[in-house]
Amino acid sequence: MLKKIKGTQDISFDELKYWYFIEKAIKKVTNLFCFKEIRTPMFEATELFRRSVGEATDVVQKEMYTFEDKGKRSITLRPEGTAPVARAFVENGFVNYGLPLKLYYIGSMFRYEKPQAGRLREFHQFGAEIIGSKDFLADFEIIELAINFLDELRINDYKIYINSIGCKKCRMDYIEALKNYYADKKDQLCEDCKKRYDQNILRLLDCKEDKEISKDAPSILDYLCDECKNDFDDLKKLLESRNIEFSVDKNLVRGLDYYSKTAFEFRSDRLGAQDQILGGGRYDGLIDYIGNKSVPAVGFACGIERIIILLKELEYDIEFDSNPKVAILPFESPQAFNKAFEYAERLRRRNIETYVDVVNRSMKNKLKHANRIGVKLSVIIGEDELSNNILSIKEMKAGTQFNVEESWMDHIIENKLNKI
Ligand code: HAM
């Protein structure tokens, strides 16, 4: 039997109620915060991710789905949404819309990671970006948007961690200090971190395996230049004054190279090893890198599958009544089928979800099926009904049945449904 690819998921109808619930919250909150949606392609030139996410990152080195297309171009399924949004911003001249531009997106991302709970190879992100503000106010608003989104979902069992990873200037001295710190500990590092020592030493700080070794590593916060330090202090003050609880995690460095200054993550103990609900930060150099225009920006992305794990854990009653309200059950005759489609059209015009049984089978089996799919009322069009211009309505739960005259059908059904 052909099976789905490892690390992917079929999202079936019982599962979709969570997706609808989350998408509704995204629409509501982004609308209230005046963010506009953007949809970018699911694949891009590999170069985009190599250059922006960074050659030395795990994402680029190990996790990208990269292939050559028939035109011999190197293509990559997007592993994340920020670089594509930055590319779209430059390519479409969005700068002309006036800045800052506040954008959000929902979509599939692809990373070749080892699948486990909360970690997939195709997963979905809700992301938001404020492009064109260098001020800590934008950092605050993006964090506030994320909090409001989780509030809307009634998720409050998480902690906010923030850090500043400084700008290029402050990072130079800091990287030197880190190299000195880890120099005599290199042998004890995990295999990945041994390689990262030369290529991407910041990542040693958030390696789960080498946590003990990194505990006493120098803190970036001691190396921040005045501008970075002031911005970070201002952000903390604003969060405090708005009563938003957070902790500073000096080892929070994020896994993608484009970040500078503010970095943040929301984590929940309920998620186990993959505890990050969402992550983001400032990426002031990215748009310059892609399009030679200095446009500072900040954003975050949230893993939708991780949100679903949390919603299931919390056992909230998330019911979306997607059952049809009425089933039309014609007996086997062209006139009855004709009537069935006519009745369905009339009911749907009244916004009543109507299911037509399109299988030739006995009325008993049709009723059984109508029961199974959870309809409230069945409309039976039998031979007698047809010849007398009436129809039978069966109330499925009560088991009662009554006849109505054809012309009153939609009106009576609408009334009845309001009472059930
Ligand atoms: P990221 O931290 O790589 O950041 O991913 C953001 C979120 O996507 C994570 O917090 C997690 O919830 C989810 N996620 C990541 N990988 C997986 C996976 N394999 N399976 C399931 N969920 C996953 C970014 O992608 C940045 N683009 C965020 C950003 C936006 N920064 C600025 N703007």
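Parameters and conventions
Residues numbered from 1 in each chain as written. Predicted model: local features only at pLDDT ≥ 70, side-chain atom pairs only at ≥ 80, totals over all residues. Heavy atoms only, no water. Helix = DSSP H or I, 4+ residues; strand = E, 2+ residues; numbered from the N terminus. Rg over C-alpha atoms; globule rule 2.2 N^0.38 Å. Buried < 20%, exposed > 50% of the residue type's maximum accessible area, 1.4 Å probe, protein only. Near = heavy atom within 4 Å. Polar contact = N/O pair within 3.5 Å; in protein donor to acceptor, adjacent residues only side chain to side chain. Areas by Shrake-Rupley, 256 points an atom, 1.4 Å probe, with all protein chains shown as cover. Nonpolar A, V, L, I, M, F, W, Y, C, P; charged D, E, K, R; others polar. Pairing = 2+ DSSP bridges. Axes fitted to C-alpha atoms, helices over the stretch in contact; angles between N-to-C directions. Contact = heavy atoms within 4.5 Å. Salt bridge = Lys/Arg side-chain N within 4 Å of Asp/Glu carboxyl O. 1 Å grid on protein atoms, 1.4 Å probe; cavity = no way out; pocket = protein on both sides within 12 Å on 5 of 7 lines; lining within 4 Å. Points joined across faces, edges and corners; volume = space filled by probe spheres on them. Domains from an automatic or database assignment.

**Student:** I'm lost on the overall build of the chain in this one. Help?
**Tutor:** Secondary structure summary: the chain contains 15 helices and 16 strands in total. Here the chain has a C-alpha radius of gyration of 28 Å; the compact-globule value for 420 residues is 22 Å, and the former is much larger. For the C-alpha atoms alone, the extent of the chain along its principal axes is close to 95 × 50 × 45 Å. Burial analysis of the chain (420 residues in total) assigns 51% to the buried set.

**Student:** Looking at this structure, I do not really get the site of the ligand. What am I missing?
**Tutor:** The full set close to the ligand counts 26 residues, and Glu80, Glu113, Glu129, Tyr259 and Gln276 are the nearest of them. In the environment of the ligand, an oxygen atom lies 2.8 Å from a nitrogen or oxygen atom belonging to the side chain of arginine 254. Contact with the protein chains hides 96% of the accessible area of the ligand, taken as 660 Å² for the molecule alone. Taken together, the elements giving at least two residues each to the shell around the ligand come down to β6 (122-131), β10 (276-282) and β11 (297-303). Per element, the largest residue contribution to the shell around the ligand is 6 residues, and it comes from β10. Tallied by class, the residues present in the shell around the ligand amount to 10 nonpolar, 9 polar and 7 charged.

**Student:** When you look at the sheet that holds strand β16 (residues 401-405) in this model, what are you seeing that I'm missing?
**Tutor:** Across the sheet, 5 strands lie side by side as β13-β12-β14-β15-β16; this open sheet has mixed pairing. Of all strands in the sheet, those bounded by a partner on one side alone are β13 (354-356) and β16. The mean inter-strand angle of the sheet, taken between neighbouring strand axes irrespective of direction, is 25°. As paired elements, strand β15 (residues 390-395) and β16 share 5 bridges and run antiparallel to each other. The residue bridging lysine 394 from the neighbouring strand is glutamine 401, located in β16. Its contacts with the sheet put helix α15 (residues 409-419) on β12 (326-330), β14 (377-381), β15 and β16, and the angle it makes with β16 is roughly 140°.

**Student:** I tried to follow the pattern of salt bridges on my own but got confused; where do I start?
**Tutor:** Should their charged atoms come close, side chains of opposite charge can pair. Applying the stated criterion across every chain yields a total of 38 salt bridges. When the shortest N-O distance is used, the salt bridge between lysine 261 and aspartate 231 registers 2.9 Å. In this pair, lysine 261 sits in strand β9 (residues 260-267) while aspartate 231 sits in helix α9 (residues 226-241), placing the two residues 30 residues apart along the sequence. The exposure class assigned to lysine 261 is buried, which follows from its relative accessible area of 7%. Classification of aspartate 231 by relative accessible area gives buried; the value is 19%. A salt bridge links arginine 282 to aspartate 284, with the shortest nitrogen-to-oxygen separation between them at 2.7 Å. Exposure remark for aspartate 284: the relative accessible area of 19% places this residue in the buried category.

**Student:** For this particular structure, what's the right way to read the layout of surface pockets?
**Tutor:** Vacant regions in the atomic arrangement are exposed by a probe of water-molecule size rolled over the atoms. Computed from the structure, the second largest pocket encloses a volume of approximately 710 Å³. Along the walls of the second largest pocket sit 27 residues, with Lys168, Arg171, Tyr258, Ser260 and Gly285 positioned nearest its centre. The set of elements that each furnish at least two residues to the lining of the second largest pocket consists of α2 (46-52), α6 (168-183), α9, β9 and α10 (286-291).

**Student:** Looking at this structure, I do not really get the domain arrangement of the chain. What am I missing?
**Tutor:** It is common to give the size of an interface as the accessible area lost on bringing the parts into contact. Annotation of the chain at the domain level lists domain 1 (13-167 + 225-314) and domain 2 (326-419). Once you take the C-alpha centre of each, domain 1 and domain 2 turn out to be 49 Å apart.

**Student:** In this structure, what is going on with the sheet that holds β9? I would like to understand it.
**Tutor:** Pairing between sheet strands relies on hydrogen bonds along the backbone, with the strands arranged either parallel or antiparallel. The 8 strands lie next to each other as β1-β5-β6-β11-β10-β9-β7-β8, forming an open sheet whose pairing is mixed. Two strands lie at the open edges of the sheet, namely β1 (36-37) and β8 (247-248), each paired on one side alone. Strand direction decides the pairing type here: β10 and β11, joined by 5 bridges, are antiparallel. Note that in β11 the partner of leucine 278 across the bridge is cysteine 302. Together, β1, β5 (101-110) and β6 form the strand contacts of helix α1 (residues 13-32), whose direction differs from that of β5 by roughly 160°. Here helix α5 (residues 136-152) sits on the sheet and contacts β5, β6, β7 (159-164), β9, β10 and β11; the angle it forms with β11, its principal contact strand, is near 20°.

**Student:** Looking at this structure, I do not really get empty space enclosed by the protein. What am I missing?
**Tutor:** Within this structure, the stated rule accounts for 2 cavities of 30 Å³ or more. What the largest cavity holds in volume is close to 40 Å³. Lining the largest cavity are Lys134, Asp139, Ser164, Cys228, Asp231, Phe232, Lys261, Thr262 and Arg282. Going through the elements one at a time, α9 and β9 are the ones with two or more residues in the lining of the largest cavity. Partitioned by chemical class, the residues of the lining of the largest cavity number 2 nonpolar, 2 polar and 5 charged. Counted as a void, the second largest cavity has a volume near 30 Å³. In terms of lining, the second largest cavity is formed by Lys339, Tyr343, Ile381, Glu385, Leu386, Asn389, Ile390 and Glu406. When contributions to the lining of the second largest cavity are tallied by element, the ones reaching two or more residues are α12 (334-349) and α14 (383-388). The residue makeup of the lining of the second largest cavity, split by class, is 4 nonpolar, 1 polar and 3 charged.

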